[in-house]
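Spelled out from the first residue to the last, the chains are:
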Amino acid sequence: LHEAARRATRPELRAVAASNLSHVHDIAGDAHAALGWAEIAVAESRGRRDAAALLDLGVVQLRMARLAAGHRTLTYAVESARHEESRHLEGRALEALAMATQFLGRFDEALALFGEAAVISEQVGDLENVAIVDADAAYLFILSERWGEAERVLRRSLRLLDQLGLRTRRPFALASLGEVASRQGDHDAGLALIQEGIELAEELDLDSHLGACWVRRGEVEARRGRFADAQACYDRALAIADRRNATWIRTDALNGLGEVSFRAGDLAGARDRFERALELALAMGDPYETARSRKGL
């Protein structure tokens, strides 16, 4: 349907269709196709559509682990939204910029941006973006081991997602909540939540979410000392990452496999996986995965 809309005679409608095609490919896990359509949308957009197109492009760049480019594009998106006086788009762009900022390891700055995005989105009634803010801010709390805050925002996000009927956002939020439960000592509850995320991602054919869920399950299995099960989970995540060229998932899974190999006594295998993960993490500019790889080595 969106491809049919590309035959519209009005340029602004063709730009909207390009953005929508980018969304569809992004959700399905085909980042390269999503990037191509996002770039077309930016080239064809004018005025208020320019901010929306820049936002879409920046989000896809983050999905492809192009952190510096994504942060730069999303900074432009915020500026464009403010120029067009679109509070709705400003809230959305600030949320995405906050996510890019936290990926770069600037947690305090990211937290402030998340807060600003939430305030604006609540003021304009954009509850979907409020739910997204909560789900993405949880990653920051998880990395800084603030388990109570992570659980609070994830549960609030899931309540809003249920209220709004936004099923495609649920798998990753469920997996993150499962990770938090496991970190607090309840591995069974954590696995149950992650499995719910896996089943929903499979039902909706969401490869990127499915890969992330398998990584989270691998972490919990490793934490319980079930190394063979953990390796099987990481291998499934790696297969999805290879199929979709998903650098985030590949790096996370390789570091996980390195940790499992080390604990199982396979030092050569651990070294190989940590070195591969380190190369990817450095290329992304992700300080957390870089530190994780170096710690493993």
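Located above this text is the structure these notes cover.
For every chain, the first residue of the written sequence is number 1, and numbering continues from 1 onward in sequence order. Two thresholds apply to this predicted model, a pLDDT of at least 70 for residue-level local features and 80 or more for giving and counting side-chain atom pairs, whereas whole-chain, interface and lining totals are computed over all residues. Excluding hydrogens and water, the side-chain figures rest on all heavy atoms present in the structure.

Peer 1: What exactly am I supposed to notice about the packing of aromatic side chains here?
Peer 2: Aromatic contacts are taken between Phe, Tyr and Trp rings whose centres are within 6.5 Å, Trp giving its six-membered ring; a plane angle under 30 degrees counts as stacked, one over 60 as edge-to-face, and the others as tilted. Scanning the entire structure with this criterion turns up two aromatic pairs. Aromatic pair F103 and Y139: ring centres 5.5 Å apart, planes at 75°, arrangement edge-to-face. Pair noted here: F103 is in helix α6 (residues 87–103) and Y139 is in helix α8 (residues 127–143), with a separation of 36 residues, a long-range link. For the exposure calls, accessible area comes from a 1.4 Å probe over protein chains only, and a residue counts as buried if that area is under 20% of its type's maximum, exposed if over 50%, partly exposed in between. On the accessibility criterion, F103 (14% relative accessible area) is buried. With a centroid separation of 4.6 Å and an interplanar angle of 40°, the aromatic rings of F103 and W248 are classed as tilted. Only runs of H or I of at least four residues qualify as helices and only runs of E of at least two qualify as strands under DSSP, and these elements are numbered from the N terminus.

Peer 1: I would appreciate a short explanation of helix α9 (residues 147–164) in the present structure.
Peer 2: Side chains three or four residues apart in an α-helix point the same way, a direct result of the helix having 3.6 residues per turn. Here the expected length of a helix is defined as 1.5 Å per residue gap, with one fewer gap than residues. Over its 18 residues, α9 runs 26 Å from end to end, which matches the ideal 26 Å to within 8%, given 1.5 Å per residue. Every buried residue belonging to α9 is among W147, A150, V153, L154, S157, L158, L160 and L161, and all of these are buried. When α9 is viewed along its axis, its buried side chains cluster within an angular range of 165° and face the same direction. Turned more than 90 degrees from where α9 packs its buried face, R159 and Q163 sit exposed. Think of the arc as the fan of directions from the helix axis to the C-beta atoms.

Peer 1: Got a minute to help me understand the side chain of D26 in this structure?
Peer 2: With respect to the helices and strands, the residue D26 is situated in helix α2 (residues 11–28). Judged by its relative accessible area of 13%, D26 is buried. Within the structure, D26 has its side chain in polar contact with the side chain of R63 (distance 3.1 Å). D26 has contacts with A34, V59 and R63, leaving out every residue within four places of it along the chain. Counting of polar contacts relies on pairs of N or O atoms within 3.5 Å, with two restrictions inside protein: one atom must be capable of donating a hydrogen and the other of accepting it, and residues adjacent in sequence are counted only when both atoms are side-chain atoms. When checking whether two residues touch, look at their non-hydrogen atoms; a contact exists if any pair is within 4.5 Å.

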